[in-house]
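# Structural features, examined
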Amino acid sequence: MSGAGVRPDAAAPTSRPSAGGPASPPTLEGREVALELDAITCRFEELTAVDSVTLTIPAGSRFGIIGPNGAGKTTLFNVLSGELRPASGTVKLFGRDVTRMSAPERVRLGMGRTFQVVRLFSDLTVRENLTLAVMGLSRSKLQLLRPWRTYRVHQALAEELASSFGLRDRLGRTAGELSHGELRELEVLLALAVEPKVLLLDEPAAGLSPAERVDIQALLRRLDPGLTIIMIEHDMQVLRGVVDWVAVLDHGELVTQGPTAEVQRHERVRELYLGRAAAHDGAEHLGSTTS
Amino acid sequence: MDDLGTTTPTTLDTLSAEGTPARWWVAPLTLGERMAGPILGAACLVVIGIILTSGSYLSTIFEDILIFAIAAMGVDFLGGFGGLITLGQAGFVGVGAYGVAIAEVHGYGPWAATGISLAAVLGLAVVTGVVAVRVSGITFVIVTLALGQIFWGLGYQWTSLTSGDNGITLLSSPSIGPWSLSSTMTVWVTTFVVFLAILAVLLLMVHSPFGLSLRGLKSNERRLRALGYRTGLQRYIGYVIASFVAGIAGVLYIFSNHLISPATLTFSQDGFLVVMVILGGLGTIWGPCLGALVVVMFEQEISTYLARWETLMGVVFIAAVIFTPGGIAGLLRRGRLALTRLATARRRAKPAGGPAPAVASATAPNSSAGDALDAARTRGDGDAARVTAAPRAPSEGDR
């Protein structure tokens, strides 16, 4: 399973151009484009939540999306995953236009996601959660007359996933009994169980203790280098540890994008996170949790 | 993915440890206690058999209980596992019964009429399902209620087909050689066999991958979609199955009562089916059978002594919802857990000079109590987890 593979080392940042402005994409260097967003606009009545955002994300990227609350990050994720249809623009997944495709269809094409607020099957056991996930792409999910426990391959996959991230001894517990950190890990495992090529992580470290943040960061760094990860995260420390390229949204617009270190020094970004006065005071420590 | 592949010994071990729901509570019991369940079950079957074959009034009541239990199990399949409470299942009971009666009136033999009826039920479930499963939650309840009322309205007002308020009488019953449904005893036995078959099939279905996905649908539909499930399809299949089961109950109803009228399709009948499910135990399949027993006894027995039996049933229903949210099934489960705790405590007390129960529990997480805890948690049984909680052995997952 690609998602469960241990990542030996975080992918070294490629020699990409510095953030020259909102429209500057990372250099592809012959790499396949995993996700291509062309002028995506999403409106809720009068509110424009995402305003003509264009991004190109190469396969195998570690791509971060940041911005203040209400910037449109999660709305953009919902458009990417197929839960929302954009008012205009197109989304291409590995060159295929998926703009009109439903969320389950996109999962079949290789897109997995987690949610900002943990979304699990809380009254089901960890084993049942993982079994449901590994059966997501299998035709046997419509099987009516054979107990799900007898699908040994699915059971083995579920156990392998649980073991790979230390949840093996929790297989018999209901998800509702897990700690918040374990819930976050389980959510990532569910997303990995559908063998994604593109993984969308919506604030995977939200609500975690410092120790749990280290754990989730380690978990994400161990993932298959071939997996494209797009992550929304407010915690710049976690973000820095996982992604090498960041796009900044504000009021639905793409403010800038570039290598993480450069974006952190970007004046507009510091204004957004620290306020105009602090930014001009030369605040250099856009490092820890910023929201 | 290959579903039929082999697995590692570890997987098999885990499956055997977790895969037998009965083991965790049976383990601490003595042989006599273990045999109590099967003996009680066999005794119940014998009593039911005697009642069914006695030809008494009680046997008629019992037949009605089984028929409505079938329909209620269908409601539970969709509502208790998929989270989709339907208020239109009495309509499908009516379609099943009317289907047989109308086909016979139009010259078809009883077997053909049964086939036509079941096909009509399936066809209507397939068609109405397209509309019903487009919505969920309270909207689904209202849509199914509306569909049920449409069926009732057709039964009441399409007099040229249904004879309106008078209903239609069954002309003949199917038979195979000497086995004829015109004999009351044959009808009772057939009803019982069909009931057992549907109970078994539905229990199998709720433990299947589809059943698991139904539980996922109830728990978190958005997450299920994000795992590649077309949840509309899950809802649709569940709806068609539940409706078809109700239709089978309807076919049995006409062979049992020999008359079908719009009274069987009224909103109150829909309500009674939901009451059977809630009272018996939502999400258990077998619980609604006990709910059907209570409701039918109220309707047919207590009503002879008490004019306001519906008021009393309402009070019982409210009390049950407040004091035993898991219904009768939940009550029985609690009793079973109490029995298990008692047996466990007794077994711990027996060995002379052995460690104190608390110490034994703390130092032997893999003991039967530990197994009971893990298995109870597997089944999501919070009560058991609280009562018999033992420390968990540290592992690499601990943080």
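About the cut-offs
Residues numbered from 1 in each chain as written. Chains lettered and ligands numbered in written order. Predicted model: local features only at pLDDT ≥ 70, side-chain atom pairs only at ≥ 80, totals over all residues. Heavy atoms only, no water. Pairing = 2+ DSSP bridges. Helix = DSSP H or I, 4+ residues; strand = E, 2+ residues; numbered from the N terminus. Axes fitted to C-alpha atoms, helices over the stretch in contact; angles between N-to-C directions. Contact = heavy atoms within 4.5 Å. pLDDT = per-residue confidence, 0-100. Buried < 20%, exposed > 50% of the residue type's maximum accessible area, 1.4 Å probe, protein only. Left-handed = near helix turned anticlockwise from the far one by under 90°. Nonpolar A, V, L, I, M, F, W, Y, C, P; charged D, E, K, R; others polar. Parallel < 35°, antiparallel > 145°, perpendicular 65-115°, else oblique. Phe/Tyr/Trp six-rings, centres within 6.5 Å; stacked < 30°, edge-to-face > 60°. Lys NZ or Arg CZ within 6 Å of the ring centre and 35° of its normal. Expected span 1.5 Å × (residues − 1). Bend = angle between axes of the 7 residues up to and from the residue.

The next point concerns the sheet that holds strand E7 (residues 198-202) of chain A. Sheet strands pair by backbone hydrogen bonding; their relative direction is either parallel or antiparallel. Residue and element names in this part refer to chain A. Read across the sheet, 6 strands follow the order E6-E7-E8-E3-E9-E10 without closing on themselves; strand pairing throughout is mixed. In this open sheet, the two edge strands, each paired with only one partner strand, are strand E6 (111-113) and strand E10 (253-259). Each strand of the sheet is rotated relative to its neighbour by a mean of 15 degrees, with strand direction disregarded. Of the pairings in the sheet, the one linking strand E3 (residues 62-66) to strand E8 (residues 228-232) comprises 4 bridges and is parallel in character. Paired with Gly64 across the strands is Met231, a residue of E8. Contacting E6 and E7, helix H5 (residues 180-193) crosses the sheet at an angle of about 155 degrees to E7.

Turning to the confidence of the model for chain B, a few remarks are in order. All names here are of chain B. Per-residue pLDDT for chain B has a mean of 80; in total, 77% of the residues score no lower than 70. Counting contacts from residues 1-26, a segment whose pLDDT is below 50, to residues more than four positions away or on other chains yields 52 contacts. In this model residues 354-399 is a low-confidence stretch, pLDDT under 50, and it forms 63 contacts with partners more than four residues away in sequence or in other chains.

Residues and elements named next belong to chain A. Among the secondary structure elements, Ile40 is positioned in strand E1 (residues 33-44). Relative accessible area serves as the criterion here: at 0%, Ile40 is assigned to the buried category. It is 7.7 Å that separates the C-alpha atoms of Ile40 and Ala87, two residues lying 47 residues apart in sequence. Every residue in contact with Ile40, bar those within four places of it in the chain, is listed here: Val50, Asp51, Ser52, Val53, Leu76, Val79, Pro86, Ser88, Gly89, Thr90 and Val91.

Residues and elements named next belong to chain A. Helix H4 (residues 152-164) packs onto helix H3 (residues 126-134) with a crossing angle of 115 degrees between their chain directions and a minimal axis gap of 9 Å. Considering the relative orientation of H3 and H4, their crossing is right-handed. From H3, Arg127, Leu130, Thr131 and Val134 reach across to H4, where they touch His154, Gln155, Leu157, Ala158, Glu159, Leu161 and Ala162. By residue class, the composition of the contact of H3 with H4 is 6 nonpolar, 3 polar and 2 charged.

Residues and elements named next belong to chain A. Relative orientation of the contacting elements H3 and H5 amounts to 25 degrees, with a least axis distance of 8 Å. Here H3 lies roughly parallel to H5, going by the angle between them. When you trace H3 past H5, the crossing you get is right-handed. Along the contact surface, H3 presents Val126, Asn129, Leu130, Ala133 and Val134, while H5 presents Leu186, Leu189, Leu190 and Ala193.

Turning our attention to the packing of aromatic side chains. Here the structure, examined in full by the defined rule, presents 8 aromatic pairs over all chains. Taking 5.3 Å as the distance between ring centres and 75 degrees as the angle between the ring planes, the aromatic pair formed by Phe92 of chain B and Phe151 of chain B counts as edge-to-face. With Phe92 of chain B in helix H5 (residues 89-105) and Phe151 of chain B in helix H7 (residues 138-157), this residue pair connects regions lying 59 residues apart in the sequence. The same class applies to Phe92 of chain B as to Phe151 of chain B, namely buried. Ring geometry for Phe272 of chain B and Trp309 of chain B: centres 6.0 Å apart, planes at 35 degrees, overall tilted. In this pair, Phe272 of chain B sits in helix H13 (residues 267-280) while Trp309 of chain B sits in helix H15 (residues 309-323), placing the two residues 37 residues apart along the sequence. On the basis of relative accessibility, which here comes to 10%, the residue Phe272 of chain B falls in the buried class. Ring-pair connections join several aromatic residues into one group, and the members of that group are Phe92, Phe140, Phe151 and Tyr239 of chain B. Here Lys141 of chain A stacks its cationic end above the ring of Tyr229 of chain B, 5.3 Å away from the centre of that ring. Positioned above the aromatic ring of Tyr151 of chain A, the side-chain terminus of Arg146 of chain A is 3.9 Å from the ring centre.

Residues and elements named next belong to chain A. Mapped onto the secondary structure, Ile57 falls in strand E2 (residues 47-58). When the C-alpha atoms of Ile57 and Glu36 are compared, they prove to be 6.3 Å apart, with 21 residues separating the residues in sequence. If we skip the residues at most four places from it in the chain, Ile57 touches Val33, Ala34, Leu35, Phe63, Thr228 and Ile230.

Another point: H4 of chain A. Residue and element names in this part refer to chain A. Between its first and last C-alpha atoms H4 spans 18 Å; for 13 residues at 1.5 Å apiece the expected length is 18 Å, and the two agree. Those residues of H4 that fall on the buried side of the exposure criterion are Val153, His154, Gln155, Leu157, Ala158, Glu159, Leu161 and Ala162. Where H4 terminates, the next one or two residues include Gly166, which has phi positive at roughly 70 degrees.

On to helix H14 (residues 287-305) of chain B. All names here are of chain B. Taking 1.5 Å per residue, 19 residues should reach 27 Å; H14 reaches 27 Å between its end C-alpha atoms and fits that length. The largest bend along H14 reaches roughly 40 degrees and is located at Phe298. When H14 is considered as a whole, its buried residues turn out to be Gly287, Pro288, Cys289, Gly291, Ala292, Val295, Val296, Phe298 and Gln300. In this structure, the buried residues of H14 make contact with helix H4 (57-82), helix H9 (184-206), H13, H15 and helix H16 (327-349).

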